[in-house]
Amino acid sequence: MAKNIAIKVDDLTVAYNYKPVLWDIDLEIPEGVLMAIVGPNGAGKSTLIKSILGILKPIAGSVSIYGKPYHKQRHLVAYVPQKGSVDWDFPTTALDVVMMGTYGALGWIKRPGQKEKKAALEALEKVGMLPFKSRQISQLSGGQQQRIFLARALVQNASIYFMDEPFQGVDATTEIAIINILKELRKEGKTVIVVHHDLQTVPEYFDWVTFLNVKKIATGPVKDIFNDDNLTKTYGINFKVSVQE
Amino acid sequence: MDFTDYTFQVIAIGTAILGAVCGMLGSFAVLRKQSLLGDAISHAALPGIAIAFLITGTKDSNILLLGALVSGLVGTFWIRGIITKTHLKSDTALGLILSLFFGFGMLLLTFIQKQPNANQAGLDKYLFGQAATLLIEDVWLMAIVTCICLIVLLLFWKEFKLLLFDSDYTKTLGFNVKFIDILITSFIVLAIVLGLQTVGVVLMSAMLLAPAAAARQWTNSLGTMVFLAAIFGAFSGVFGTVISASQNNLSTGPVIVIVAGVFVIFSFIFSPSRGLLFKQIRFMKNRRDLELHKTLAFMYGIAETHQNISHPHTIKLLNHFQGFTKKTLKALEEKNYITISGTEWSLTQEGFKTASNLYNQQSNNDE
């Protein structure tokens, strides 16, 4: 797979207080992979993607997206935050939240118009949420809220998608719907990076994986590196995950 | 009370404008979960008033409010600084700055009062406000600030909404979150400072929060909420002024705040979707419906065993297995699900159909 490098992380170190959350991370993510970031709680998984996205300021290190710094490549990147990071009682509708995905391309002050609305409706359709477009967001189930977040990212029509635990607290139907959309994105040549918790589903869902526990343990194709050795190194206990072939 | 009286009109218009602008900006404070911020800012403004008086020796409200603005802003940025630079939680930072600045302000006020100078009387009106001292110039100032605030709100509506809902995401889209944040906060400080003369340091935060909290109950749209909060705020101002003017010697500020509080209580109880009253009614109706369905399902189970579904059964049969009330039976009869003759009941075709679809319907409603 001699592919372009979509994301390159060099010597990234991040700390909130005294202890580093991420230590000296070097990472190259090739274009067109569907990658899981796995690791125990507090391993810095969310911190890693937040640092790549410029939400957090690293102490040292640099990030480049297709060879250029993030702030020049913003239009190529879409982000799906953790569902729990926002207040779902906010007075707005599902369609309105998805429309927010168009705000970045619009820039300051300009209002969304018919074109943006159409794009948002298409994204809602893709995630199967069109019938709920006028729903107040607090009246959506957890799975539906997650789909709305995904639709908001899809509207951005990016090349690289970052998702922070999209499967957390969603039902099986939604999980399958989401993973199918992610696989669809990969088929279109897009790069998808997912913070993931369920080790059992890694081989089934993803083709690329990064093991993270403050330091980077390993990164590469799932079929080559998703093994007990790396799992043990990452989680610190003797691990036996039966990789279903 | 003469409502055509010029002074009264000036005060009523002033308090209405003040209520409107506070309602609008208060919506943002409430949605950002920064309700305490308004309280901290207004208390932080007090030393500014005292210092402005000590420096200039004048009681011109514009100059004193300028002092209030400066110390309000200083307080706000200290709060921001404490939250971002230390491990303290935001409520601690707010409480700290609030009491520290207020204490310092009170210290200065007592110091001023001890001075051998006749000019110092009346500074304490900024504690609880004194709407009667509003001049037409003050009202013009309020109107101008409100207009600017409205323009900024309309221009940056999209950005404000985005930041309020999801600030991390706002950052990834390339918007300068700090700028939007400072813009909102500055206007909140400005609105508070404008209200100090009328409502006072101590009660000012209620002007900010009450209309917004009331408005939230009636709508699920941000635009409508901000609009309603402005209306509620304006009406609180006018009603408060009318009530205090028609009752001798009632202080305007507290009356306005109490009227705003009435809006809140009314909204909490009577709002159709979020109000306590309708929630309770819906809850009770739900229970009743479930009871009916349960009884109907039980009848269905009995009727099913017969070839003729409308075969009559004795009411006693129900009594043996499950408690029912005459009311339940009557309600079922009214809905045409059953017919009752004497001590016997029988399912109708419609009742049979409804009962057989009960559970399917439920699972359909889920998604």
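Residues numbered from 1 in each chain as written. Chains lettered and ligands numbered in written order. Predicted model: local features only at pLDDT ≥ 70, side-chain atom pairs only at ≥ 80, totals over all residues. Heavy atoms only, no water.

### What about the packing of aromatic side chains?
Residue and element names in this part refer to chain A.
Part 1 of the reasoning: Counted by the stated rule, this structure contains 20 aromatic pairs over all chains.
Part 2 of the reasoning: Both rings, one in W88 and one in F149, keep their centres 5.0 Å apart while their planes meet at 50°; by these two values the pair is tilted. With W88 in the loop between β6 (77-80) and α2 (94-99) and F149 in helix α5 (residues 142-155), this residue pair connects regions lying 61 residues apart in the sequence.
Part 3 of the reasoning: Its relative accessible area of 0% is what places F149 among the buried residues. (Phe/Tyr/Trp six-rings, centres within 6.5 Å; stacked < 30°, edge-to-face > 60°. Helix = DSSP H or I, 4+ residues; strand = E, 2+ residues; numbered from the N terminus. Buried < 20%, exposed > 50% of the residue type's maximum accessible area, 1.4 Å probe, protein only.)

### Examining the sheet that holds strand β8 (residues 191-195) of chain A
All names here are of chain A.
Part 1 of the reasoning: Overall, mixed pairing links the 6 strands, which are arranged β6-β7-β8-β3-β9-β10 in an open sheet. With partners counted over all chains shown, the strands left at the sheet margins are β6 and β10 (215-221), one partner each. Looking at each pair of strands side by side, their axes are set apart by 15° on average, direction ignored.
Part 2 of the reasoning: As paired strands, strand β9 (residues 208-213) and β10 are joined by 6 bridges and run antiparallel to one another. The partner of W208 across the bridge, within β10, is P221.
Part 3 of the reasoning: The strands touched by helix α1 (residues 45-52) within the sheet are β3 (34-38), β6, β7 (160-164), β8 and β9, with β7 carrying the most contacts at an inclination of about 145°. (Pairing = 2+ DSSP bridges. Axes fitted to C-alpha atoms, helices over the stretch in contact; angles between N-to-C directions. Contact = heavy atoms within 4.5 Å.)

### Some words on the confidence of the model for chain B
Part 1 of the reasoning: Confidence in the prediction for chain B averages 87 pLDDT; 94% of positions are at 70 or higher.
Part 2 of the reasoning: Under the prediction, the complex receives an ipTM of 0.91, its pTM being 0.86. (pLDDT = per-residue confidence, 0-100.)

### Examining the pairing of strand β2 (residues 338-341) of chain B
Residues and elements named next belong to chain B.
Part 1 of the reasoning: Pairing geometry for β2 and strand β3 (residues 344-347), over 4 bridges, is antiparallel. Looking at β3, one finds that I340 is bridged to W345.
Part 2 of the reasoning: The hairpin formed by β2 and β3 contains 2 residues between the paired strands, and G342 there has a positive phi angle of roughly 65°.

### Notes on the sheet that holds β3 of chain B
All names here are of chain B.
Part 1 of the reasoning: One open sheet holds the 3 strands; their spatial order is β1-β3-β2, and the pairing between them is antiparallel. Two strands in the sheet have a free side with no partner beyond their single neighbour: β1 (313-314) and β2.
Part 2 of the reasoning: Relative to β3, helix α13 (residues 276-304) is tilted by about 85°, and along the sheet it contacts β1, β2 and β3.

### Considering the layout of surface pockets
Part 1 of the reasoning: Empty space within the largest pocket amounts to approximately 2,100 Å³.
Part 2 of the reasoning: Every residue lining the largest pocket is counted, 46 residues in all, and those nearest its centre are I83, T84, S167, D168 and K171 of chain B.
Part 3 of the reasoning: Taken together, the elements giving at least two residues each to the lining of the largest pocket come down to β1 (5-15) of chain A together with α2 (35-56), α3 (61-85), α4 (90-114), α7 (157-165), α8 (167-172) and α9 (177-196) of chain B.
Part 4 of the reasoning: By volume, the second largest pocket amounts to about 460 Å³.
Part 5 of the reasoning: Lining the second largest pocket are 22 residues, with A119, L154, V155, Q156 and N157 of chain A sitting closest to its centre.
Part 6 of the reasoning: Elements supplying a minimum of two residues to the lining of the second largest pocket: α3 (103-106), α4 (114-126), α5 and α6 (172-187) of chain A.
Part 7 of the reasoning: Sorting elements by how many residues they give to the lining of the second largest pocket places α4 of chain A first, with 6 residues.
Part 8 of the reasoning: Among the residues making up the lining of the second largest pocket, the classes are represented as 9 nonpolar, 5 polar and 8 charged. (1 Å grid on protein atoms, 1.4 Å probe; cavity = no way out; pocket = protein on both sides within 12 Å on 5 of 7 lines; lining within 4 Å. Points joined across faces, edges and corners; volume = space filled by probe spheres on them. Nonpolar A, V, L, I, M, F, W, Y, C, P; charged D, E, K, R; others polar.)

### A few points about the interface of chain B and chain A
Reports often express the size of an interface as the amount of accessible area lost when the parts come together.
Part 1 of the reasoning: Listed by partner, the interface residues are 31 residues for chain B and 37 residues for chain A.
Part 2 of the reasoning: For the chain B and chain A pair, buried surface summed over both sides reaches about 3,000 Å², with 60% attributable to carbon and sulfur atoms.
Part 3 of the reasoning: It is K158, F165 and Y169 of chain B that lose the most area in chain B upon contact with chain A, and together they represent 27% of the buried surface on that side.
Part 4 of the reasoning: Inspection of the region where chain B meets chain A yields 6 salt bridges.
Part 5 of the reasoning: Of the charged contacts, one joins D168 of chain B and K50 of chain A as a salt bridge, the two residues approaching to 3.7 Å between their closest N and O atoms.
Part 6 of the reasoning: Looking at the side of chain B that touches chain A, the elements that each hand over two or more residues are α6 (136-155), α7, α8, α9 and α11 (222-246) of chain B.
Part 7 of the reasoning: A total of 7 residues in the side of chain B that touches chain A trace back to one element, the largest contributor, which is α7 of chain B. (Buried area = accessible area lost by both parts, 1.4 Å probe. Salt bridge = Lys/Arg side-chain N within 4 Å of Asp/Glu carboxyl O.)

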